[in-house]
Amino acid sequence: MRHHLPATTTLALAAILACSTDREATDTTTPGVALLTPGPVSDAGWNAGAYEGLQRIGDSLGLRISHQQTLTPAEFDEAFISYADDGYGLIFGHGFEYQDAASRVAAEYPEVTFVVSGGSRPSANVVALIFQLNEASYLAGMAAGAVTQSGVVGMVGGVEIPTAKGTFVAFEAGVKAVREDATVLETFIGSWDNVSAAKEAAAAQLREGADVLIHNVDAASFGFFQSVREARERGRVAWAFGMNRDQNDVAPDVIVGSAAIDYTGMFLRTAQAWRDGTLGEPVYSGLATGTVEFLPNPAREGLIPADALERIDRARQAIIAGTLEVPSIDFIEKEDPVSSQ
Amino acid sequence: MSTRNGPCERRGGSESSGLAARLRDVTKRFGPVTALEGVSFDLVPGEIHGLLGENGAGKTTLARVLGGLLTPDEGRVEIGGCEVALRSARDARALGVAMVHQHFSLVPRFSGLENIALFNGGAWTKRGMAAPGYRERVEARARELKLEVELDLPVEGLGVGARQRIEILKALMSETSVLLLDEPTAVLAPREVDGLFAVLKEVARAGTGIVLVAHKLDEVLAAADRVTVLRRGGWVLTREAASVSAGELAEAMVGGAVGGHLARGAAGGQRPTVDRGRTAMDERRAATPAADQLVGTADPAPVASLRGVTTIRDGEPALRHVNAAVKRGEILGIAGVDGNGQRELARVLARIRTPDEGDATLPAEVGWIPQDRAEEGLVNGFTISENVAFALHGKDSCRKGPWLDWAGIEETAAELVREMDVRATSSTATAANLSGGNQQKVVTGREFLRSADLLVAESPTRGLDVKATVAVRSRIAALARHGDHPPGVVLISADLDEILELSDRIAVMVRGRLIPVPRDAHNPRDIGELMLGARVRPDENADGHAGETRNTVRGPEGSTPGARSAGGGPP
Amino acid sequence: MSTTTLRTRPPLTPALTAATALLATLAVAAALLALGGYSPGDAFAALFRGAFGSWDRFVSFTLVRATPLLLTGLAVAFAFRARVWNIGAEGQLHAGALAGVAVAVALPGTPGLILIPATLLAAAAAGALWASVPAAMKTGMGVGEVITTLLMNFVALFMAQFLVQGPLRESRGVFNQTDEIPAAAHLPDLIPGTRLHLGFLIGVLIAVALWLYLTRTPGGFRLRAVGASPRAAEVSGRFRAKPVVWLAFLTSGAIAGLAGGVQIAGITHRMYENLSPGWGYTAIAVALLARLNPLALVVTAIVFGALSAGGGAMQRDAGVPEVWVRGIEALVILAVLTVDRSWQALADRGSRG
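Residues numbered from 1 in each chain as written. Chains lettered and ligands numbered in written order. Predicted model: local features only at pLDDT ≥ 70, side-chain atom pairs only at ≥ 80, totals over all residues. Heavy atoms only, no water.

## Some thoughts on the overall build of chain A
Stage number 1. When helices and strands are counted, chain A shows eleven helices and twelve strands.
Stage number 2. Burial analysis of chain A (341 residues in total) assigns 55% to the buried set.
Stage number 3. Within chain A, counting contacts between residues at least 6 apart in sequence, those at least 24 apart form 69% of the total.
Stage number 4. Of the roughly 13500 Å² of accessible surface on chain A, 51% is carried by carbon and sulfur atoms. (Helix = DSSP H or I, 4+ residues; strand = E, 2+ residues; numbered from the N terminus. Buried < 20%, exposed > 50% of the residue type's maximum accessible area, 1.4 Å probe, protein only. Contact = heavy atoms within 4.5 Å. Areas by Shrake-Rupley, 256 points an atom, 1.4 Å probe, with all protein chains shown as cover.)

See below:
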């Protein structure tokens, strides 16, 4: 009787395969755009934003889209190759970690354009997409400087990568532009999704006297906000800033405002430029293009004093005009030091 | 549980046949193997019914069918006169059938009372303890059955006999019409066996029918009212115990053509009891090959000697100043109740354990037939060849460069299978597929292959059927007494018959001490008393014993250089 | 007992076990996918295409993904054979990868013929070293290796994190990763035109070597005996368990470390945090499914590699999210082990008498 088991399951599988629709035929003719993310698209942050952008590309431009979450470099290569083989002409690798794999595969597929968010090594068909989130962080820092009472401001980061570090450098500069004597604390928890570590790190900074905190921990931000909320429930002064996406609605009770990236617009513009053949490299995108923005929390109107809001707006104009340079960390390699291709 | 015979159940059904239990034409198969074929069996209330047979004859299968652990493929099972379909031990329990297994099912850390309460539903409270008042019921029942049980200590600290009594009391706490005992004596010392039988008789007197699965003729004859013999899954005979001789039973079990020694030895109608065993025993000894060639013919230098050997185990001395020596071609029998240091002695002799005190001069290679063949003598998942390789893997003749010469090893194993008469389809059968007797033949044959100067045989026939026992004993005797280069043999056994049958010299192990037995005391009564610690210091005969002691134990001191060279000599 | 009692074991090879369980689970997974609103047909077609769709897919995707599973699986199987429950292949892999990168980066300009062996040997040595800690704790103090090897995994992960953020951080000091190893240290392609590197061949050769060792040599016999029954090995074989335990730990650790070295020399060319997505743990399933047989392990590693490569394709081509893919993979592992177990139970039923 046990020998029938393989036979039955084979039949079942055959039946399933027989019902499969043939997608191939309709697909390969339309140009395709693909996205690789390093984490789940349910993170309400970095990956979710990119995924929304991809969906907009499908909806507004009528392009074929696909997404894969990848874990290891072997998978990076594999996904890039698969998409290139399947006729996808534009492939986003949403994170600096895709740089090596993109460089390797790009050499074999010159007709395909690879876009690496936070990429560091642009080449003929590898485009680095740089979100100048530091500009919005600077404005958030100014707001923090105006809101803090203790004069101690905290920053909780995920993994210490240049893009994350860059936002903190700018935030700190923003705080000090408003309040020169402020103390700024910084912690990296070494992970993008360790909720309890983020919570602990925020709690530790609150204990050290910080009353305004900003994060850059992506999916772990739930723990970060929780910590701030609990401090408030104990009657303390504690405020938080959102990061990467407009998080004002994630924790409206504790958020002063968010330094946000408009991934959707950025991805859409990048795909449009690719279709029109005008995609340059690398693509810097900040306040001037509307890709990043500082968004005060509408639910907490009045928290930031009017004069501070005015100063923030002046700084914003100055950055767009190019008269105010926000500190940043540049990570684009000017020449290719190890070319193994 | 379901009862096919409805009216029977309504009547409460104990009177319809007057039998406690009955099997009719029961057949049970395991795949291609027929374990029971058309066997009928009945059990009268209040009788002790001995169930005899060689290993694999179907005794345990029959007991398990009655106990609800196995469902027969054909035939009917009746309990208390009602035909029943038992689906589990729980079903059987509900009908008053209890089983005491060979391996006890007690929680080691629980006390006797807790174990008994745990097994009997309702006596165990939700807070994890025996219900109030239950203790009194248990004690009353124990008194009723004249069972001495320790209720308060964790059972892990108790002896085997004490644990068995708890197991029995546990089974008898609720109304029990049928009590099944699977090889209950296998784990007991001789005196404990008597105690067990006394208990069983008491239980039977109260009306419970008892099935006693066993393979030792004399025990069954001593305890049972009736005896049933099975052979190869089939029924052979059922007789009143009083009207059957050991010889007839042995013949029924092994089928006439085999087991000559024991059948002949017991054919005189004598039960090998302590009182009257002498004639049977003597005959048996005479029948053993070369039993008359004694110490004198062997090499005067011992192949192994222990002097003042003491070992400590778990902070307690396990061996205390043990002196012993064994010469070529000599069998030194060491009798004793299990757990008096024999294990440790075997480990020292086999060079696995180094003494904490004293000197051990031992040959480089020692053959060792360990007591627990299933766990220590064999790797169950290994084939016969692989198990045989334990003795061969170190020999140059079994290697080809860096590789093991498996072809050669398999050839040797196949030869061993033939020579030892191991029943297996091939040497690639795994050890787990062999019956106990065949397993022991493999272990014995393998240890012979080591061609060592010393062979330690630890309870080599425990749990074996008559035929296998005869085979293994005669091999050991033949090994020690024939050949140009016979090894010295140390035979450690709790079986007095075995010790008396094979040994040239005898010593008794009591509480870590090795006491020599003078030749005039080579009889079951004297040795039995020594074993049970009645005469740890045989003072009343001081002179004679001292002489014997010097002779057997201190002897090697005089020839220390010889002993040393034997120790460092070629294997 | 007589000859008729011999057990009748169904002649099922591990590969067949794997295939059946796989199919049974796919049927369950199909139902779940359908409930989730995904087309099971598309999903499985994608799975198959991703893993076996073309020669290049099979070689470049499936076999590449199978390589670290093969090596860590062999490490686990070898240890388990000796009854050493090494749950620490993950940590030993990380230790190996770190050592490999450190050596390769420290020796620029060395020809590949020297640099590749040096890198891989360093990785193996580091893996063995990592395994020697639980080995010493087990043999010296009797501390159970399940806990110690598991905890050593976390130590290795944190050490990797610390090293790539600090001492071994790339010379530009921007990202948390090491410098790229010199091109001479890259493992050559095994099949030109594909992404399959020498590491797979190394894995297959080790599998054959382990199989020969276990079945054909006195040392392998000793190890199997100690693993199958330590008491019988001591009494019947007069084997001391301690040297065997050490050998099992060190060899297992070395192979797992080599897995890390092969991965950085063959694929990533540098080290960073979270190099492995848990190969060292998946390896346990791979090894058990192969019934700890090194040759069968080549097959089961490829099965798992295919499952993993196909999982990527399920995301890409059928839009099945990552979590679903992981869930289905986990289902397959569970089913495979269950089916394996129940067959054994069925086979054992016939042996009682």
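## Here we look at the overall build of chain B
Stage number 1. Counting its regular elements, chain B contains 21 helices and 22 strands.
Stage number 2. Counting only residues that meet the buried cut, chain B has 55% of its 571 residues in that class.
Stage number 3. Once local pairs closer than 6 in sequence are excluded, the contacts in chain B between residues at least 24 apart make up 68%.
Stage number 4. Just so you have it, chain B exposes about 23700 Å², and 48% of that area is on carbon and sulfur atoms.

## Observations concerning the pattern of salt bridges
Opposite charge on two side chains makes pairing possible when the charged atoms of those side chains draw close.
Residue and element names in this part refer to chain B.
Stage number 1. Applying the stated rule across the entire model yields 54 salt bridges over all chains.
Stage number 2. Here Arg446 ties to Glu447 by a salt bridge, and the two come within 2.9 Å at their closest N and O atoms. For the pair formed by Arg446 and Glu447, the shared burial category is buried.
Stage number 3. Note that Glu498 and Arg473 form a salt bridge whose closest N and O atoms lie 2.9 Å from each other. In this pair, Glu498 sits in helix H18 (residues 496-502) while Arg473 sits in helix H17 (residues 466-481), placing the two residues 25 residues apart along the sequence. Assigned by exposure class, Glu498 and Arg473 land together as buried. (Salt bridge = Lys/Arg side-chain N within 4 Å of Asp/Glu carboxyl O.)

## Some thoughts on the side chain of A:Thr113
All names here are of chain A.
Stage number 1. Inspection of the secondary structure puts Thr113 in strand E4 (residues 113-117).
Stage number 2. On the accessibility criterion, Thr113 (15% relative accessible area) is buried.
Stage number 3. Not counting chain neighbours up to four residues away, the residues in contact with Thr113 comprise Gly89, Leu90, Ile91, Asn125, Val127, Trp274 and Leu279.

## Topic: the packing of aromatic side chains
Residue and element names in this part refer to chain C.
Stage number 1. Inspection of every chain in the model, using the stated rule, returns 24 aromatic pairs over all chains.
Stage number 2. Ring geometry for Trp55 versus Phe58: centroids 6.3 Å apart, planes at 40°, classification tilted. Of the two residues, Trp55 and Phe58 are both situated in helix H3 (residues 55-81); the distance of three residues between them amounts to about one turn of the helix.
Stage number 3. Pairing Phe221 with Phe239 gives two aromatic rings, centres 6.3 Å apart and planes at 85°, and the pair type is edge-to-face. With Phe221 in helix H8 (residues 218-228) and Phe239 in the loop between helix H9 (230-235) and helix H10 (241-268), this pair connects stretches of sequence that are 18 residues apart.
Stage number 4. Owing to a relative accessible area of 0%, Phe221 belongs among the buried residues under this scheme. (Phe/Tyr/Trp six-rings, centres within 6.5 Å; stacked < 30°, edge-to-face > 60°.)

## Some points on the pairing of strand E5 (residues 74-79) of chain B
Two faces belong to every sheet, and in a regular strand the side chains alternate between them.
All names here are of chain B.
Stage number 1. For strand E2 (residues 21-30) and E5, the ladder comprises five bridges, and the chain directions are antiparallel. Paired with Arg24 across the two strands is Arg76, which belongs to E5.
Stage number 2. With three bridges joining them, E5 and strand E6 (residues 82-85) adopt antiparallel strand pairing. Across the sheet, the residue bridging to Ile79 is Cys82, located in E6.
Stage number 3. Here E5 folds back onto E6, and the loop between the two strands holds two residues, one of which, Gly80, carries a positive phi near 55°. (Pairing = 2+ DSSP bridges.)

## So, the nonpolar core
Stage number 1. Residues B:Ile527, C:Leu74, C:Ile206, C:Phe221, C:Met271 and C:Leu297 are the most contacted members of the largest nonpolar core, which totals 129 residues.
Stage number 2. It is H3(C) that contributes the most residues to this core, 15 residues altogether.
Stage number 3. Viewed by domain, this core spans two of them, domain 3 (293-365 + 451-568) and domain 4 (377-445) of chain B, each represented by three or more residues.
Stage number 4. Residues within four places of C:Leu297 in sequence aside, it is in contact with C:Leu69, C:Leu70, C:Gly73, C:Leu74, C:Ala77, C:Val286, C:Ala287 and C:Ala290.
Stage number 5. By size, the runner-up hydrophobic cluster in this structure holds 54 residues, among which are A:Leu54, A:Val115, A:Phe171 and A:Val212. (Core = buried A, V, L, I, M, F, W, Y, C linked by side-chain atoms within 4.5 Å. Domains from an automatic or database assignment.)

## With respect to helix H6 (residues 133-147) of chain A
Stage number 1. Taking 1.5 Å per residue as the helical rise, H6(A) with its 15 residues ought to reach 21 Å, and the 21 Å between its terminal C-alpha atoms agrees with that figure.
Stage number 2. Extensive coverage of H6(A) is indicated by the burial of 14 of its 15 residues. (Expected span 1.5 Å × (residues − 1).)

## Some thoughts on the sheet that holds strand E5 (residues 126-131) of chain A
Residue and element names in this part refer to chain A.
Stage number 1. Taken together, the six strands give an open sheet; going across it, the order is E2-E1-E3-E4-E5-E11, and neighbouring strands pair in parallel fashion. The outermost strands of the open sheet, each flanked by one partner alone, are strand E2 (64-69) and strand E11 (283-285). Across the sheet, the axes of successive neighbouring strands diverge by a mean angle of 20°, strand direction being ignored.
Stage number 2. Sheet topology places strand E3 (residues 88-93) next to E4; four bridges connect them, and they run parallel. Each residue of the ladder has a partner; that of Leu90, found in E4, is Thr113.
Stage number 3. Strands E4 and E5 of the sheet are contacted by helix H5 (residues 99-108), whose axis makes an angle of about 170° with E4. (Axes fitted to C-alpha atoms, helices over the stretch in contact; angles between N-to-C directions.)

## Observations regarding the sheet that holds strand E14 (residues 331-335) of chain B
Residue and element names in this part refer to chain B.
Stage number 1. Strands sit in the order E16-E19-E20-E14-E21-E22 across an open sheet of six strands; the sheet is mixed. The open sheet has two edge strands, strand E16 (366-369) and strand E22 (513-517), and neither has a second partner. Taken over all neighbouring pairs, the strand axes of this sheet differ in orientation by 20° on average, direction set aside.
Stage number 2. Summarising the sheet, strand E19 (residues 454-458) and strand E20 (residues 488-493) pair through five bridges and their orientation is parallel. Residue pairing in the sheet places Leu454 in a bridge with Gly488 of E20.
Stage number 3. Lying on the sheet, helix H12 (residues 342-349) is in contact with E14, E16, E19, E20 and strand E21 (505-510); it crosses E19 at an angle near 160°.
Stage number 4. In the packing of helix H16 (residues 436-449) onto the sheet, the strands contacted are E16 and E19, and the crossing angle to E16 comes to about 175°.

## Brief notes about unusual backbone geometry
All names here are of chain B.
Stage number 1. Phi at Asp25 is positive, roughly 45°, even though this residue is not glycine.
Stage number 2. Checked against the element boundaries, Asp25 lands in strand E2.
Stage number 3. Assessed through its relative accessible area of 48%, Asp25 is described here as partly exposed.

## Thoughts on the domain arrangement of chain B
All names here are of chain B.
Stage number 1. According to the domain assignment, chain B contains domain 1 (1-96 + 177-244), domain 2 (109-174), domain 3 (293-365 + 451-568) and domain 4 (377-445).
Stage number 2. Taken residue by residue, the interface counts eleven residues in domain 1 and twelve residues in domain 2.
Stage number 3. Buried area between domain 1 and domain 2, summed over both chains or domains, comes out near 1100 Å², and the portion from carbon and sulfur atoms is 66%.
Stage number 4. Taken together, domain 1 and domain 2 are joined by zero salt bridges.
Stage number 5. Summed over the shared surface of domain 1 and domain 2, the result is three residue pairs in polar contact (both at pLDDT 80 or more).
Stage number 6. Those elements giving two or more residues to the side of domain 1 that touches domain 2 turn out to be strand E8 (178-182) and helix H7 (190-205). (Buried area = accessible area lost by both parts, 1.4 Å probe. Polar contact = N/O pair within 3.5 Å; in protein donor to acceptor, adjacent residues only side chain to side chain.)

## Quick word on the confidence of the model for chain B
Residue and element names in this part refer to chain B.
Stage number 1. Taken over all residues, the pLDDT of chain B has a mean of 76, while the share at 70 or more is 75%.
Stage number 2. Low confidence marks residues 10-15, where pLDDT is under 50. Its contacts with residues over four positions away, or in another chain, come to six contacts.
Stage number 3. Predicted confidence for residues 534-571 stays below pLDDT 50, and this span has 48 contacts to residues more than four positions away or in other chains. (pLDDT = per-residue confidence, 0-100.)

## Re the confidence of the model for chain A
All names here are of chain A.
Stage number 1. On average, residues of chain A score 85 in pLDDT, and 89% of them are at 70 or above.
Stage number 2. Element-level mean pLDDT values for chain A span from 43 in helix H2 (residues 24-27) up to 95 in strand E6 (residues 152-157).
Stage number 3. For residues 1-13, every residue scores under 50 in pLDDT, and the model assigns this stretch 13 contacts once sequence neighbours within four places are set aside.
Stage number 4. Between residues 16-26, whose pLDDT stays under 50, and residues either more than four places distant or in other chains, the model counts 14 contacts.

## Focus: the pairing of E4(A)
Residues and elements named next belong to chain A.
Stage number 1. Counting buried residues along E4, five of its five residues qualify, which places the element largely inside the surrounding structure.
Stage number 2. What you see with E4 is no split at all: Thr113, Val115 and Ser117 on one side and Phe114 and Val116 on the other are buried throughout.
Stage number 3. Handedness of the β-α-β unit built from E3, H5 and E4 comes out right-handed.
Stage number 4. For E4 and E5, the ladder comprises four bridges, and the chain directions are parallel. If you follow Val115 over to E5, its bridge partner there is Val127. (Right-handed = clockwise from strand over helix to strand, strands pointing away.)

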